[in-house]
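Residues per chain are reported as follows:
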Amino acid sequence: MVVTTLVNVSLLAALLVPAFVVEYALVQMWRLVVPLSVAGVIMVVTPLIYRCSQSMSLARELFIASLFSFKLWECVVFGDVVSPGAVWFVTMPLLAIMLGSVRSAVAWLVITNMAMILTHLLLGNSVVFPIASTENPHFLYIFSHIGASFSIAIFLLIVESARRRAFHRLKIANEIISNLAIRDALTGVYNRRHIVSEINRAEDAADSFSVCLLDLDHFKRINDNHGHAVGDLVLQRVAGAVQDEIRQSDCFGRYGGEEFLLLLKDAHLAGSKQLLERIRERIEALEIEEMENCSRITISGGVAQYRPGESSSETINRADQALYAAKAAGRNRIIFESANQL
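Numbering of residues begins from 1 in every chain and follows the order in which that chain's sequence is written. Residue-level local features of this predicted model are given only where pLDDT is at least 70; pairs of side-chain atoms are given and counted only at 80 or more, and the full residue set underlies all totals for whole chains, interfaces and linings. With hydrogens and water stripped out, all remaining heavy atoms of the structure feed into the side-chain values.

A.B. asks: Any chance you could explain the overall build of the protein here in plain terms?
C.D. replies: Helix and strand counts for the protein stand at 12 helices and five strands. Partly exposed describes any residue whose relative accessible area lies between the buried limit of under 20% and the exposed limit of over 50%, with all areas from a 1.4 Å probe on protein chains only and scaled to the type maximum. Looking at the protein as a whole, 42% of its 342 residues are labelled buried. Numbering goes from the N terminus for both helices and strands, where a helix is a DSSP run of H or I of at least four residues and a strand is a run of E of at least two.

A.B. asks: I would appreciate a short explanation of the side chain of D184 in the present structure.
C.D. replies: Mapping D184 onto the fold places it in the loop between helix 7 (136-182) and helix 8 (192-204). Contacts described as polar in this section are N or O atom pairs within 3.5 Å, which, within protein, must combine one atom able to donate a hydrogen with one able to accept it, while residues neighboring in sequence count only if both atoms come from side chains. At 2.7 Å, the side chain of D184 forms a polar contact with the side chain of T187.

A.B. asks: What am I meant to see in the pairing of strand 3 (residues 259-265) here?
C.D. replies: Taken residue by residue, a regular strand's side chains alternate between the two faces of the sheet. With six of seven residues buried, strand 3 lies mostly within the body of the structure. In the sheet, strand 1 (residues 209-216) pairs with strand 3 via seven bridges, with the strands oriented antiparallel. Considered in strand 3, the bridge of L214 is made with F260. In this structure, strand 2 (residues 251-256) lies alongside strand 3, joined through five bridges in antiparallel fashion. If you follow G256 over to strand 3, its bridge partner there is E259. Counting the residues between successive antiparallel strands, the hairpin from strand 2 to strand 3 contains two residues, one of them, G257, with a positive phi of roughly 60°. Strands are treated as partners if at least two bridges between them are detected by DSSP.

A.B. asks: What should I look at first to understand helix 4 (residues 56-78) in this one?
C.D. replies: How far a helix is expected to stretch is found by multiplying one less than its residue total by 1.5 Å. Along its 23 residues, helix 4 runs 33 Å from first to last C-alpha, staying within 8% of the 33 Å computed at 1.5 Å per residue. Note on helix 4: the residue one or two positions beyond its end, G79, has a positive phi of about 95°.

A.B. asks: Explain the sheet that holds strand 4 (residues 299-305) here, please?
C.D. replies: Within a sheet, neighbouring strands are paired by backbone hydrogen bonds and run either parallel or antiparallel to one another. The five strands lie next to each other as 2-3-1-4-5, forming an open sheet whose pairing is mixed. Each edge of the open sheet is held by one strand with a lone partner, namely strand 2 and strand 5 (334-336). This sheet shows a mean twist of 20° between the axes of neighbouring strands, independent of strand direction. Pairing of strand 1 with strand 4, which is carried by seven bridges, proceeds in the antiparallel orientation. Angles run from 0 to 180 degrees between N-to-C directions of axes, and those axes are lines fitted to C-alpha atoms, restricted for helices to the stretch in contact.

A.B. asks: Would you take a moment to explain the nonpolar core for this structure?
C.D. replies: With 39 residues, the main nonpolar core has L6, V9, Y24, M29, L32, L36 and M92 as its most contacted residues. Every element with two or more residues in this core is listed here: helix 1 (2-26), helix 2 (30-44), helix 4, helix 5 (91-98) and helix 6 (102-123). When residues of this core are assigned to their parent elements, the largest contribution, 10 residues, is made by helix 4. Residues are treated as being in contact if the distance between any of their heavy atoms lies within 4.5 Å. Among all residues touching L32, those that are not within four sequence positions of it are Y24, F70, W73, E74, V77 and F78. A241, I246, I283 and I334 belong to the second-largest nonpolar core, a separate cluster that totals 30 residues. Side-chain atoms within 4.5 Å link the members of a nonpolar core, which is a set of buried Ala, Val, Leu, Ile, Met, Phe, Trp, Tyr and Cys residues.

Structural measurements only, silent on function.
This is the structure we're talking about:
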């Protein structure tokens, strides 16, 4: 972000410096034209200096020192701090802050104020450079103030733009962190902690719900025959298939290993059976190219309906018992706790 700010202020210098060079040339103040041109070139090339040196402090101090040196020379030319460009001294601490250094800002705040005091004490009120006509001082002051105001406005816009970008990046980072906290890293579905917390929340609200434990059949065989990379792919594909079938009100997550846990909210028995049968059939129909000459992927499941007054762990334990019954009955089936087989 600081590098972007350096580029922005350099572009601003590239726009403003030529305008002031033309201004001084019009009033034939040639003692200001050349120094400003030199200072302007240094300010414009500071991004290149940073790129070559990889030192933001060097680029920052060169930029500010170039502007300061010219404005101090301008005061000398005019004979006092009544120089139209003296107002630009206030921008130097702002520049230092924008370019990433509070310490530099404090230093330039002291330097600019001391420079103005010393210039006034040493030069007094004697103008050492004659101005072509009495109209020109007004023109110079107006032009300088407009330029300074424009510059400060641009500075504030850059700061606001940087603040918004930083806020947006922070928001995205917080969303990523939140997702990492509740998502399973491999499959992308909810992790065990989150799915159990959702069941606890439904329990506290005394909602009607069921939980279903799903387990991949013969998953160890897949890992042994095809490797863990293919096993991970199978888990991802199965999780995606289930996620596509469930309702928005349901909650699905990885419970551990090859086991998944599904929370069915406000689901009637018939509706739960239809949903779980679709899930079972869809997983059975999965085709994974990496598993050549291999039997189809199947799942077994156990379902338990929440009983008022019991804990979530008790409900999950009853679903686990139904899952064990599904495995014992030959796998590739969903069994409700009541032993009504789908």
